[in-house]
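# Structural overview for review
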Amino acid sequence: MENNICKNIFDGKVIVFTGTMREPISKMRELAVKHGAKSPNSVSTRTNLVVVGEKPGKKLTKARELRIEVISEDEFWENLSV
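Now for a description of the structure that goes with this document. Given the structure is predicted, the values throughout are model-derived calculations rather than measurements. (Residues numbered from 1 in each chain as written. Predicted model: local features only at pLDDT ≥ 70, side-chain atom pairs only at ≥ 80, totals over all residues. Heavy atoms only, no water.)

Helix and strand counts for the protein chain stand at three helices and three strands. Ordering the α and β elements of the protein chain from the N terminus gives β-α-β-α-β-α. A globule of 82 residues ought to have a C-alpha radius of gyration of about 12 Å, and the protein chain, at 13 Å, matches this closely. Seen along its three principal axes, the alpha-carbon backbone of the protein chain occupies a region of about 45 × 25 × 15 Å. Looking at the protein chain as shown, the accessible area adds up to about 5900 Å², and 49% of this sits on carbon and sulfur atoms. Where the 14 positive side-chain charges of the protein chain centre and where its 11 negative ones centre are 9 Å apart. (Helix = DSSP H or I, 4+ residues; strand = E, 2+ residues; numbered from the N terminus. Rg over C-alpha atoms; globule rule 2.2 N^0.38 Å. Areas by Shrake-Rupley, 256 points an atom, 1.4 Å probe, with all protein chains shown as cover. Lys, Arg positive; Asp, Glu negative; His and termini not counted. Charge placed at Lys NZ, Arg CZ, Asp CG, Glu CD.)

Here we take up the packing of aromatic side chains. In total, this model carries three aromatic pairs according to the counting rule given. Consider the rings of F10 and F76, whose centres lie 5.2 Å apart with planes at 35 degrees: the pair is tilted. With F10 in the segment before strand 1 (15-18) and F76 in helix 3 (residues 73-80), the pair connects residues that are 66 residues apart, well separated along the chain. Consider the rings of F76 and W77, whose centres lie 5.2 Å apart with planes at 75 degrees: the pair is edge-to-face. Chaining the aromatic ring pairs together yields one cluster made of F10, F17, F76 and W77. (Phe/Tyr/Trp six-rings, centres within 6.5 Å; stacked < 30°, edge-to-face > 60°.)

Looking at where V14 falls in the secondary structure, it is placed in the segment before strand 1. Discounting chain neighbours no more than four positions away, the residues touching V14 are K38, P40, R46, T47, N48 and L49. (Contact = heavy atoms within 4.5 Å.)

Attention now moves to the environment of K13. Within the element layout of this structure, K13 appears in the segment before strand 1. For the pair formed by K13 and S39, sequence separation is 26 residues and the distance between their alpha carbons is 8.4 Å. Once residues within four sequence positions are removed from consideration, K13 is found in contact with G36, A37, K38 and N48.

Here it is, written out as structure tokens:
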């Protein structure tokens, strides 16, 4: 019998965080990993998602160059609660 746990959108993804967040990035990375993601410090061709806060910098530029999906910190928290 299948369990009732919903599959979250972060499972199996490589997620990078950049910019200033309301919560510490270390906490956000920990939550992403807890939900099945990997969370390296840099953007690469293996990155699936970049979460941006205020003043994101070079990681956002690289994500756009590589056409990687970008979401806000708010969207990150909304997706955790789904």
